[in-house]
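# Inside the fold
Letter by letter, the chains look like this.
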Amino acid sequence: MTSAFEKVQKDPNRVIIFDTTLRDGEQSPGCSMNLEEKLKMAQLLDELGVDVIEAGFPIASPGDYESVHEIAKMVKNATVCGLSRAKQADIEAAGTAIAPAASKRIHTFISTSPLHMKHKLKMGPNSVIEAVHESVTLARNYTDDVEWSAEDASRTEDDFLCQCVETAINAGATVINIPDTVGYAIPDEYGRRIAMLFERVPNIDKAIISTHCHNDLGLAVANSIAGVQNGARQVECTINGIGERAGNAALEEIVMAIRTRNDMLPYTNGIDTTKITKTSKTLSTITGFGVQPNKAIVGANAFAHASGIHQDGMLKNTQTYEIMTPESVGLAESKLVMAKHSGRAAFKSKLTEMGYELGENAFQDAFTRFKKLADKKKEIFEDDLIALIEDEVIRENEHMRFLSLQIVAGTEGPQTADLCVTVEGEKKCVKVEGNGPVDAIFKAIREIEPHPDAKLQLYQVHAVTGGTDAQAEVTVRLSENGKFVNGQGADADTLVASARAYIHALNKLIRKRNMQNAQHMKEAATP
Ligand code: KIV
Ligand code: ZN
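Now for a description of the structure that goes with this document. Fair warning: this is a prediction, and the values are worked out from it, not measured in the lab.

Within the protein, the atoms that donate to the zinc ion (ligand 2) are Asp24 (OD), His212 (NE2) and His214 (NE2), at distances of 2.0 to 2.2 Å. Each donor residue of the zinc ion (ligand 2) lies on the same chain, and together they follow the pattern D-x187-H-x1-H. Remark: His214 occurs in the loop between strand E7 (208-213) and helix H10 (220-229) and Asp24 occurs in helix H2 (residues 21-25); sequence separation between them is 190 residues. Considered together, Asp24 and His214 belong to a single accessibility category, that of buried residues.

What follows concerns the packing of aromatic side chains. Following the criterion strictly, the structure yields seven aromatic pairs and no others. When the ring of Phe442 is compared with that of Tyr502, the centres are 4.5 Å apart and the planes differ by 40 degrees; the resulting orientation is tilted. Taken as a pair, Phe442 in helix H17 (residues 437-448) and Tyr502 in helix H18 (residues 494-525) lie far apart in primary sequence, 60 residues in all. Note on accessibility: Phe442 and Tyr502 belong to one class, buried. Arg344 extends its terminal NZ or CZ atom over the ring of Phe367, reaching a point 5.7 Å from the ring centre.

Let's shift gears to the pairing of strand E12 (residues 415-423). Counting buried residues in E12 gives eight out of nine residues, a clear majority hidden from the surface. Note: strand E11 (residues 400-408) against E12, eight bridges, orientation antiparallel. Bridge assignment links Leu405 to a residue of E12, and that residue is Leu419. What sits between the antiparallel neighbours E11 and E12 is a turn of six residues, in which Gly410 has the positive phi angle 115 degrees. Sheet topology note: the E12/strand E13 (residues 426-434) ladder contains nine bridges and is antiparallel. Counted as the bridge partner of Leu419 is Val430 from E13. Counting the residues in the hairpin turn of E12 and E13 gives two residues, including Glu424, whose phi is positive at 50 degrees.

The rules we used
- Residues numbered from 1 in each chain as written.
- Chains lettered and ligands numbered in written order.
- Predicted model: local features only at pLDDT ≥ 70, side-chain atom pairs only at ≥ 80, totals over all residues.
- Heavy atoms only, no water.
- Donors = N, O, S within 2.8 Å, 3.2 Å for Na, K, Ca; no water.
- Helix = DSSP H or I, 4+ residues; strand = E, 2+ residues; numbered from the N terminus.
- Buried < 20%, exposed > 50% of the residue type's maximum accessible area, 1.4 Å probe, protein only.
- Phe/Tyr/Trp six-rings, centres within 6.5 Å; stacked < 30°, edge-to-face > 60°.
- Lys NZ or Arg CZ within 6 Å of the ring centre and 35° of its normal.
- Pairing = 2+ DSSP bridges.

What follows is the structure, given as structure tokens:
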């Protein structure tokens, strides 16, 4: 496998795309994913063509360790990276977690700004320099590919930053990352800082310089590009720009800026841009973090032309108002695929064509749901099938499974939900009143499986395709004692989709609780 360093040596304009969706993105509130979801995202990122997947922070929890380890086993093309502070236990955890990867990297960091050193680390500059040397040296025992980051670099004094960078490279760092941790920099300033390092650090040619920009002032992408224009050859970014606070630089924006303005930004990368939309949508579905409609590249309106003048121009020549094509980001019109009379064989062959292999039970359930949907909805699009199948796949082997729902709603109360589910295979039904149908459904689920400490954090509905007969895709986020989970549900009936989404979130919460209890018991049993 070609290393990042070799890629840049071969092509000096090659920009390494380092994706941190599963680390910086995942650690932001409400974006947490379970192992299955992280594996699914890692698979998509690998197919998208990112060079490095930062899979997590292994020391943070046994769950983080496991997911980095499993991703390291699964990923075929990208380098798998684990994050660590400048601490021995962190570096050891990162080193063993990434061990199975075909190409592996440890990313170790320490703060270098006066503010962070004094108040957060309570360390003086000399001790920080020592820690830089020791951490990189230790990390090199696990892999030749070691990245070192100067946390809060954009508020670090130039002289000290140069000293730290030189020390890290001397200790064996192959990538030097200059984070704008608090999203404080402006493009010209950030670009000059990168140029300053190239001018002043004597061994700078032995490492790739990297950007990692947060979006607190909405400048993350602009700062990253300024970094590249001044010699950086790695960009750290996330899908949909998720990440701490206002997020990180959005991968899709950087890649499409380079592609669309290659006259001004003559750089290359390994991304298959036609996979951007699918990756973005999957992340939104998993996390429940939808993107704003006017978000560049992946927002619902990014390629929509509403005004009469624009539509007229588009009909005459698409280039009048379109600087990139929807196809270039994989945004094809959702194809009309099936109708009411399609049979089992046609349904099965369509699923195979779309890359789904379902077990017999899941296939039977999916086919029954497809027939019910086709009764309500004249035209079934590819996106409808994706929503339905994804919904079926996440439901296999669940603790609680949805069976049926009858609702009484409207102005004349009381609104009631008559809900039947199975719990570990046993059928249970309740009839519950609520303040509106959604409240009644959620109360019914709580009556069957009480979970008094859990709080509803988010309830979100969106339509899979257009039209009033569109399927609804619902996201429910629950929190319990600091744990967050997202559940999804899809159905032509918004209330059924809501019940499915809540049950999905609850199943995940129970699984997380059980895993944590098992971990506590294991710890208690260890002498
Ligand atoms: O923003 C930041 O400084 C980080 C580091 C850990 C690289 O995420
Ligand atoms: Zn960050």
